[in-house]
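Here is how the chains run, residue by residue.
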2 protein chains.
Amino acid sequence: MRRMTARPANAHQARLLKLLRDGGPNSRAQLGDQVDLSRSKLAVEVDRLLETGLVVADGLAASRGGRRSHNVRLHPGLRFLGVDIGATSVDVAVTNAELETLGHLNQPLDVREGPVAVFEQVLSMAAKLRATGLAEGFDGAGIGVPGPVRFPEGVPVAPPIMPGWDGFPVREALSQELGCPVMVDNDVNLMAMGEQHAGVARTVADFLCVKIGTGIGCGIVVGGHVYRGTTGSAGDIGHIQAVPDGRPCACGNRGCLEAYFSGAALARDALDAAQQGLSAELAARLAAHGGLTAVDVAAAAAAGDATCLEMIREGGNRVGQVIAGLVSFFNPGLVVIGGGVTGLGHTLLAAIRTQVYRQSLPLATGNLPIVLGELGPAAGVIGAARLISDHLFSPA
Amino acid sequence: MRRMTARPANAHQARLLKLLRDGGPNSRAQLGDQVDLSRSKLAVEVDRLLETGLVVADGLAASRGGRRSHNVRLHPGLRFLGVDIGATSVDVAVTNAELETLGHLNQPLDVREGPVAVFEQVLSMAAKLRATGLAEGFDGAGIGVPGPVRFPEGVPVAPPIMPGWDGFPVREALSQELGCPVMVDNDVNLMAMGEQHAGVARTVADFLCVKIGTGIGCGIVVGGHVYRGTTGSAGDIGHIQAVPDGRPCACGNRGCLEAYFSGAALARDALDAAQQGLSAELAARLAAHGGLTAVDVAAAAAAGDATCLEMIREGGNRVGQVIAGLVSFFNPGLVVIGGGVTGLGHTLLAAIRTQVYRQSLPLATGNLPIVLGELGPAAGVIGAARLISDHLFSPA
DNA sequence: CCTCCTTTGTCCTGTGAGTGGAGAAAGTTG
DNA sequence: CAACTTTCTCCACTCACAGGACAAAGGAGG
């Protein structure tokens, strides 16, 4: 199939495309209820969208007591690629124009192998998805990387855990390989966009999305838009000082939050506990697998292991303390907790909530939900698809 | 003089009014260079503004090599009132439409006496300024209060240091008394707007404005607009935990930043130092005035008193630690330090800078100026005038 | 089957926003 | 005084958009 190249010609068309993306097939009348345009003007714009091929007719809707309406929808052949590169694994998904996931792959990966090796793997995963018949090509791709990004250019800048990626033209390179427009962002921002589009943050204008995985980051949404900061490093909360003169951190400082609670720190603490005989559960798992990760801690905690529960509680307290400060500062309408450690579940959430509700002012916490993300690993790829669709569904 | 009641009829007119406010008298040609409208359309909108009386002709400009241009300017009789209510004093100023300060009064005040007493004083100060012939009436007023505000309604909510103000309809009451439109905001936000309009933050889109006075607050500007949070309490950083299990704070928690460094904490520490004989300088001042404030500490430090210098350094370190966290999180393009303790000057600034540059990541601090506000006590009232002018110079 | 009402979609005309060019007005330079 | 520049005004043309008339298509009741 020929790929779509058209873009909306004006703000009205952009608005309509986004309504069709988020609301599925709609009639002109239904669209008219949402856009404050006269029916005649609306019809003109819809007709123009039909001409471009971005939108197609979709049969008749049931009658609502009068003449049946002619539905329109986004072209069913449109395909977006969502890529979420983590420190230790990568997610790739294909969506249609309504951002529904049609196929999803996850593979282990070491981001430190550099952009060339990683892209090879990503492209082969994309090819595999395409080979299943889900897509003949892609109309756009969004991609998330675990580090700061100079957003307009789509280039990682000074990424601590991705040596070799600094300044690599991710956007341009991938766009060339895939033959479609590409947008690049921080993985945490994409998670926030995912939860905003299809998860727990659908109705909230200002919220924080804390992702605890190999590292710790925080997506910041202001007035419905991701805030990226002056140099693209906003939300980089992993190296906020949690303990004065505390543990040394890989960044060179001491007492950073990430040194106390993150996938990496948790794995190290688990190994210590197993070797010191503090947890039979962990020792058994260490013997079985030859190594420990946050997943083992989660499993042991679920089995009632006291040491692991305490580790999670303590880590949750530290994260909660930092989040409490951010809540005082930012006064969000919602805090979402996500990332690899979501498996730690309610124990973690309870510790975080306790700290925030205790330390922040009542006015800021009075009506503040603190919840786990509801999309899990899909948040990133959905956010990635959302990113590129927001771009393509905006006037050129 | 008859007060102006007109408002811009559309976004173009609003834009033009703001250009005239920020740029002073301008010709049609100069305006045309800034607004991306055809000269004919521009002339139409300017003529309409002239009809409303908001804008008046202002003679001929010098020739630039051809026909001399006809200048227009905002009506010279327009007057805004800026009010900045602090915990212990109040500033009232009158500005013209270009937000130039025409008169400024400062008086001591105890905000805890409640809104009725405070308004009486503010109104008498406004009357005094009017009596000097600066204004015959006010076209609008902006007012800042030292606590969170439900912005759309202009009502303080749960203000910790302003008992008796909770829910008081400040905007409505003052609007009735003054007979003009009124906007209410947090004093810290107004300081940020002041520095943005006429101070150090003129060219920065995203910045933080930390005000250290009786309490500590932080104005947050995102994309040129003040961010107020979900319930209007954004920037309330005084009760972020600076020291785990530290000093008790008035808010009921322990270790809050405000308990360590603010006008009130500094005064208390100074009293302790004087009584324990740690500072001859402070002891002398205590004997002379019967009490100590941050001003005494500043003076003693300026005279080289080691104890006071150490107090400032230590306080600066604590504030700097918190700011370092905020810089990592928010990645601003500028940090402005202001408020009553600005008198502590370079010692304070150096301590803050040290902490931030040491603790935050290079990408966030690489090109981050940390500077003192340049407007001093005028920042609040200028910000207040800016607030109401932004409101009045927007389409109704 | 017919009539009346509802909903949806199309067509047409009028209005106002906005552009761009011609040209007048006012000035400078040589 | 001629030539050139800048500023401002006037006018004709285009396009965006609203709103009403009307046609198309359906349901409910007689």
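Only a predicted model underlies this, so the values are computations on that prediction, with no experimental measurement involved.

Asker: Please clarify how the overall build of chain A should be interpreted in this entry.
Answerer: Scanning chain A from N- to C-terminus turns up 14 helices and 15 strands. Looking at the 396 residues of chain A, the share that counts as buried comes to 56%. Across chain A, the fraction of contacts at a sequence separation of at least 24, relative to all contacts at a separation of at least 6, is 60%. Carbon and sulfur atoms provide 52% of the accessible area of chain A, an area that totals close to 15,800 Å². Chain A carries 32 positive and 36 negative side-chain charges, and their two centres are separated by 7 Å.

Asker: Please clarify how the sheet that holds strand 2 (residues 55-60) of chain B should be interpreted in this entry.
Answerer: What holds strands together in a sheet is hydrogen bonding between their backbones, with the strands either parallel or antiparallel. Residues and elements named next belong to chain B. Across the sheet, three strands lie side by side as 1-3-2; this open sheet has antiparallel pairing. At either end of the open sheet lies a strand with only one pairing partner, and these are strand 1 (26-27) and strand 2. For strand 1 and strand 3 (residues 70-74), the ladder comprises two bridges, and the chain directions are antiparallel. Note that in strand 3 the partner of Asn26 across the bridge is Val72. In the packing of helix 1 (residues 11-23) onto the sheet, the strands contacted are strand 1, strand 2 and strand 3, and the crossing angle to strand 3 comes to about 90 degrees.

Asker: Is there a simple way to think about the protein's contact with DNA strand D in this case?
Answerer: Around DNA strand D, 21 residues are found, and the nearest of them are Ser38(A), Ser40(A), Lys41(A), Arg64(B) and His70(B). Near-protein atoms of DNA strand D (within 4 Å) split between backbone and bases, with sugar and phosphate holding 63%. Ser40(A) places a polar side-chain atom, nitrogen or oxygen, 2.7 Å from a base oxygen of DNA strand D. In the model, a phosphate oxygen of DNA strand D is placed 2.8 Å from a nitrogen or oxygen of the Lys41(A) side chain. Contributions of two or more residues to the surface near DNA strand D are made by helix 3 (39-52) of chain A together with helix 2 (28-35) and helix 3 (39-52) of chain B. Ranked by residue count, the leading element in the surface near DNA strand D is helix 3 of chain A, at three residues. Split into classes, the residues belonging to the surface near DNA strand D amount to two nonpolar, eleven polar and eight charged.

Asker: Looking at this structure, how should I read the interface of chain B and chain A?
Answerer: By a widely used convention, the size of an interface equals the accessible area lost when the partners come together. Each partner contributes to the interface: chain B provides 36 residues, whereas chain A provides 36 residues. The junction of chain B with chain A conceals about 3,100 Å² of combined surface from both sides, 60% of it contributed by carbon and sulfur atoms. Considering only the side of chain B, the residues that lose the most area to chain A are Tyr227(B), Phe329(B) and Leu363(B), jointly responsible for 25% of the buried surface there. Summed over the shared surface of chain B and chain A, the result is zero salt bridges. Counting the contacts that link chain B with chain A gives 18 residue pairs in polar contact (both at pLDDT 80 or more). Elements that contribute at least two residues to the side of chain B that touches chain A include exactly strand 12 (216-222), helix 11 (306-330), helix 12 (345-359) and helix 13 (362-365) of chain B. Here the residues of the side of chain B that touches chain A are counted per class, giving 17 nonpolar, 15 polar and four charged.

Asker: Please explain the relation of the copies chain B and chain A as it appears in this structure.
Answerer: Here the second copy of the chain follows from the first by a rotation about an axis and a shift along it. At an RMSD of 0.1 Å, chain B and chain A line up after a rotation of 180 degrees and a shift of 0.0 Å along the axis. Both copies of the chain, as the preceding transformation shows, are related through a two-fold rotation axis. Ranked by how close their C-alpha atoms come to the rotation axis, the residues of chain B are headed by Leu326(B), at 3.9 Å. A share of 100% of the interface residues of chain B reappears at the interface of chain A, consistent with the copies meeting face to face through the same patch.

Asker: I'm lost on the protein's contact with DNA strand C in this one. Help?
Answerer: By nearness alone, 22 residues border DNA strand C, and Arg64(A), His70(A), Ser38(B), Ser40(B) and Lys41(B) come closest of all. Near-protein atoms of DNA strand C (within 4 Å) split between backbone and bases, with sugar and phosphate holding 64%. In this structure, a phosphate oxygen belonging to DNA strand C sits 2.6 Å away from a side-chain N or O atom of Arg64(A). Looking at the surface near DNA strand C, the elements with two or more residues in it are helix 2 (28-35) and helix 3 of chain A together with helix 3 of chain B. Here the residues of the surface near DNA strand C sort into two nonpolar, twelve polar and eight charged.

Asker: Can you help me understand the packing of helix 8 (residues 263-275) of chain B against helix 9 (residues 280-289) of chain B in this one?
Answerer: A pair of packed helices is characterised by two quantities: the angle between their axes and the separation of those axes. Residue and element names in this part refer to chain B. Between helix 8 and helix 9, the shortest axis-to-axis distance is 8 Å and the interhelical angle comes to 105 degrees. As far as their axial angle goes, helix 9 and helix 8 are roughly perpendicular. Every residue of helix 9 that contacts helix 8 at Ala270, Leu271, Ala273 and Ala274 is listed here: Leu282, Ala283 and Leu286. When the residues that make up the contact of helix 8 with helix 9 are grouped by side-chain class, the tally is seven nonpolar, no polar and no charged.

Asker: Help me out: how do you make sense of the sheet that holds strand 11 (residues 207-212) of chain B in this one?
Answerer: Residue and element names in this part refer to chain B. Strand order in the open sheet made by the five strands is 13-12-11-14-15, with mixed pairing throughout. Where the open sheet ends on each side, the last strands, each with one partner, are strand 13 (225-226) and strand 15 (370-372). Sheet topology note: the strand 12/strand 13 ladder contains two bridges and is antiparallel. Note on strand 13: the bridge partner recorded for Val222 is His225.

Asker: Looking at this structure, how should I read helix 1 (residues 11-23) of chain A?
Answerer: Given 3.6 residues per helical turn, the α-helix brings residues three or four places apart onto the same face. Residue and element names in this part refer to chain A. Compared with an ideal rise of 1.5 Å per residue, which puts 13 residues at 18 Å, helix 1 spans 18 Å between its outermost C-alpha atoms and is within 8% of the ideal. Every buried residue of helix 1 is accounted for by Gln13, Ala14, Leu16, Leu17, Leu19, Leu20 and Arg21. Looking at where helix 1 begins, the residue whose side-chain oxygen comes 3.0 Å from the main-chain nitrogen of His12 is Asn10. Positive backbone phi, at 70 degrees, marks Gly24, one or two positions downstream of helix 1.

Conventions adopted
Residues numbered from 1 in each chain as written. Chains lettered and ligands numbered in written order. Predicted model: local features only at pLDDT ≥ 70, side-chain atom pairs only at ≥ 80, totals over all residues. Heavy atoms only, no water. Helix = DSSP H or I, 4+ residues; strand = E, 2+ residues; numbered from the N terminus. Buried < 20%, exposed > 50% of the residue type's maximum accessible area, 1.4 Å probe, protein only. Contact = heavy atoms within 4.5 Å. Areas by Shrake-Rupley, 256 points an atom, 1.4 Å probe, with all protein chains shown as cover. Lys, Arg positive; Asp, Glu negative; His and termini not counted. Charge placed at Lys NZ, Arg CZ, Asp CG, Glu CD. Pairing = 2+ DSSP bridges. Axes fitted to C-alpha atoms, helices over the stretch in contact; angles between N-to-C directions. Near = heavy atom within 4 Å. Polar contact = N/O pair within 3.5 Å; in protein donor to acceptor, adjacent residues only side chain to side chain. Nonpolar A, V, L, I, M, F, W, Y, C, P; charged D, E, K, R; others polar. Buried area = accessible area lost by both parts, 1.4 Å probe. Salt bridge = Lys/Arg side-chain N within 4 Å of Asp/Glu carboxyl O. Least-squares fit on C-alpha atoms with pLDDT ≥ 70 in both. Parallel < 35°, antiparallel > 145°, perpendicular 65-115°, else oblique. Expected span 1.5 Å × (residues − 1).

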